[in-house]
Structures are given as structure tokens and as C-alpha cells.
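Given next are the chains, with one letter for each unit.
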Amino acid sequence: MKFGLNILNFGPYTDPESLLGWARFGEDNGFDFALTSDHVTVTPDVAEQYPAPFYEPFTLLGWLAGMTSRIHLGTTVAILPYRHPLQTARMAANIDRYSGGRLIFGVGVGWAQQEYAALKVPFHRRGAITNEYLEIIKRSWTEDVISYQGEFVSFEGVATAPRPARQPHPPIWVGGNSRAAIRRAARFADAWHPINAPLDWLRDRGLPGLRIAAENAGRRMPDFAPRTKLLLTDKPLRERVPGQGTLEQVRGDIERFAELGATHLLFDTYEGTPERLRPPAEDQQMLAAVAELFPGH
């Protein structure tokens, strides 16, 4: 299993120095990958959870690609309906080139209705838009010239070079815990990327549902690459989510993720509300303690 950290690209402690510090911390401490989140505009519903300043992920990843050498970089998750798929495909392919094939392309549909309204994108069609955009992006990465006539996007004779460095394309991780997200992962993804899901639910419903959806789609079952909270405490927690509690409790959670077949595990130190944001050094202290649990993996 490979281990990753979530780069917090928002809030009062965030600036270029801290963003570079996250990536270099991950590289220096043995993490395999570092992912970051996506919003285009910080509308009031976004600001309730992700306050400004908010650093856009694709420009951030392009910069970090040139400032690191080993760690894989990506999105958890890029909201596909926010950008034209040809633009997204080209930005992602370029970052994969700049990084020497280190991009992880995590995607999702998003939840911020006010942000959708600000961007003039129909919120209620976000799933269908995402599916169409994924078709276009995958073709952009694997064909020299493409044309497409769809419900949301149409174009003719678009040259797509340069292709990504990784062949046939960077790994696509589809995020989300809903049935629609699971079907999307089965149809398009190299990995399913559920976020903060209970272990029992993953065992009893999530992963069996993914297996059935993959069979229905006629594809191999995608890998399992979850994201989970990380909060270390001095005393054991009785009521908790995976990744929270003492180091021994977190060790047990890692072992259970491994038993479920996780190929990657992303740790997220953000507790979900702006008032609980901590300086990066405090979060990285917890991550360093967890990193000691998997030296050399």
C-alpha cells in the first residue's frame, strides 16, 4: 500500500511557502503521493468549509512538479464540470509531462451549488457532465486528433499533443461515495477514491457495489484508493472515524484498509471547519508520526 497526504491549499496559513513545504515534507518523509483540492471560486457555501485564500490546483501542481523529484502529485478531487474538458485534459497532460509521469488525476462532481451558479454550470446535470467530460479527456490523452458531438460539448478535429508522459494516461481516481460515483468509477476509473467512509460500510456495501458495477460495465474492478481523516490523540477514542485516535488505533485502521485491498491511502489532516485549521507544522507532526508506522512500506 502507498501512502499520501492532503496538501491544504486554502485558509489563513496557506501561501506559496507553505504549499511547497507540504510537498517537500511529503517527499522527505517517505510519502508516495500528495494531493490537493479544487475550487474555482470561493462562494459563501465554499467559504464555510474552505476559506480564502484558495490556491487553484492545476497551477499549483505544475509549480510543485518542478520543485519536487519523486513524490506523485494530484487532485482530490478536480471538479470536472467547472472547466472545459479539452482545457482540463491539456493542463493535466502538461503537468504529467513536467513531472515525468507523476500525476494522479482525481475527479469528482462537487457539491457547492452557489459555485456552480457562479460558473453558470447546471448543478443538477453535474453527473452527466462529468461522465461526458471523462470520455473526452480519456480520448484526448490517447488519440492524436479527436472530434466529439455530445450533449454538453461539441468540436471537430482538435489536435491533442502532447500526450501525457505516463501511458496510456495518468491514473484516473473517481471520488465519491454515492451509487452514481461508484458506477462512474467502475466505468472510467483506474481507482475508486471514497472519502471518509466507514470501514464497515466499505466492506459490506461500497466495495461489493463497486465489484458488481465493474462486472456490469465489463471492466476490471478499479483499485481501492481511499481518503481518510487523520487526528492523533493521547487517549483512545471510543467513537471515532478511521484515522482518528491514538497511534495504535490508527495503525489498526491502516491494517484494516490493507485487508480491504487498498492500494493507496490518503491522510487528510483537515477537520472540516475553518476554526479548526492548524499551522502546517502541527499537521505535519502528526503525519510524521504516522510515517514511522510504514518505513519502507
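Structure: above.
Computed from a predicted model, the values in this text were never measured in an experiment.

**Student:** Give me the overall build of the protein: which residues, what numbers.
**Tutor:** Helix and strand counts for the protein stand at 10 helices and 14 strands. Relative to its length of 297 residues, the protein is compact, with a C-alpha radius of gyration of 19 Å against a globular reference of 19 Å. Expressed along its principal axes, the backbone C-alpha trace of the protein runs to roughly 60 × 45 × 40 Å. A separation of at least 24 residues holds for 70% of the contacts in the protein among residues at least 6 apart in sequence. Positive and negative side-chain charges of the protein, numbering 32 and 34 respectively, have mean locations separated by a distance of 5 Å.

**Student:** Now, about unusual backbone geometry: what can you tell me, with residues and values included?
**Tutor:** Note that the residue after Ala161, namely Pro162, is joined by a cis bond; omega there is 5°. Its place among the elements puts Pro162 in the loop between strand S7 (154-159) and strand S8 (172-175). In this structure, Pro168 follows Gln167 across a cis peptide bond, with omega equal to 5°. By secondary structure assignment, the location of Pro168 is in the loop between S7 and S8. A positive phi angle, close to 60°, is found at Lys120, a residue other than glycine. As for its position among the elements, Lys120 is in the loop between helix H5 (113-118) and helix H6 (126-142). You can call Lys120 exposed: its relative accessible area is 73%. Within the chain, Asn196 stands out as a residue other than glycine whose phi angle is a positive 55°.

**Student:** Give a description of the pattern of salt bridges that names residues and reports values.
**Tutor:** Going through the model one piece at a time under the given rule, you end up with 16 salt bridges. In this structure, the salt-bridge partner of Glu135 is Arg187, at a minimum N-O distance of 2.7 Å. Here the residue Glu135 occupies a position in helix H6, and Arg187 occupies one in helix H7 (residues 179-188), the gap between them amounting to 52 residues. Residue Arg187 is classed as partly exposed on the basis of its relative accessible area of 41%. Note that Arg278 is salt-bridged to Asp283, the shortest N-O span being 2.7 Å. No difference in accessibility class separates Arg278 from Asp283, as the two residues are buried. Overlapping salt bridges, with partners in common, bring together Asp200, Arg203, Asp204 and Arg256 in one network.

**Student:** Help me get a handle on the pairing of strand S5 (residues 103-108), residues and values and all.
**Tutor:** Here S5 lies mainly inside the structure; 6 of its 6 residues are buried. Residues Leu103, Phe105 and Val107 point to one face of S5 and Ile104, Gly106 and Gly108 to the other, with burial holding for every one of them. Judged from the 2 bridges that link them, strand S3 (residues 72-75) and S5 form a sheet pairing that is parallel. Bridge pairing links Gly74 to Ile104 in S5. Bridge analysis of strand S4 (residues 78-79) against S5 gives 2 bridges, and the strand direction is parallel. Residue Ala78 lies in a different strand from S5, and its bridge partner there is Val107. Note that the unit made of S4, helix H4 (residues 85-98) and S5 has a crossover that is right-handed.

**Student:** Lay out the pairing of strand S1 (residues 2-7) with the relevant residues and their values.
**Tutor:** Burial within S1 is extensive, with 5 of its 6 residues counted as buried. Where S1 lies against strand S14 (residues 264-268), 4 bridges are found, and the strand directions are parallel. Paired with Leu5 across the strands is Phe267, a residue of S14. Handedness of the crossover joining S1 and strand S2 (residues 33-36) through helix H1 (residues 16-28) is recorded here as right-handed.

**Student:** Describe in detail the environment of Val121, supporting the description with residues and values.
**Tutor:** Within the secondary structure layout, Val121 lies in the loop between H5 and H6. Exposure remark for Val121: the relative accessible area of 14% places this residue in the buried category. In this structure the C-alpha to C-alpha distance between Val121 and Ser154, which are 33 residues apart in sequence, comes to 16 Å. With residues up to four places along the chain from it excluded, the contact list for Val121 reads Pro81, Tyr116 and Ile129.

Cut-offs applied
Residue positions are counted from 1 within each chain, in the order its sequence is given. Where totals are concerned, whole chains, interfaces and linings use all residues; where local detail is concerned, this predicted model gives features only for residues with pLDDT of at least 70, and gives and counts side-chain atom pairs only at 80 or more. To get the side-chain values, all heavy atoms of the structure are used, and hydrogens and water are removed first. A helix here means a DSSP run of H or I that spans at least four residues, while a strand means a run of E at least two residues long, and both kinds are numbered starting from the N terminus. For the radius of gyration, the atoms used are the C-alpha atoms, and the globule rule reads 2.2 Å times the number of residues raised to 0.38. In what follows, a contact means two residues having at least one pair of non-hydrogen atoms within 4.5 Å. Just so you know, the count uses Lys and Arg for positive and Asp and Glu for negative, and it drops His and the chain ends. Note on charges: their place is set at NZ of Lys, CZ of Arg, CG of Asp or CD of Glu. Buried residues are those whose accessible area, probed at 1.4 Å on protein chains only, stays under 20% of the maximum for their type, while exposed residues exceed 50% and partly exposed ones sit between those limits. Salt-bridge detection follows one rule: a side-chain nitrogen of Lys or Arg within 4 Å of a carboxyl oxygen of Asp or Glu. When DSSP locates at least two bridges between a pair of strands, those strands are taken to pair. Think of it like this: strands point away, you trace from the first strand over the helix to the second, and a clockwise trace means the crossover is right-handed.

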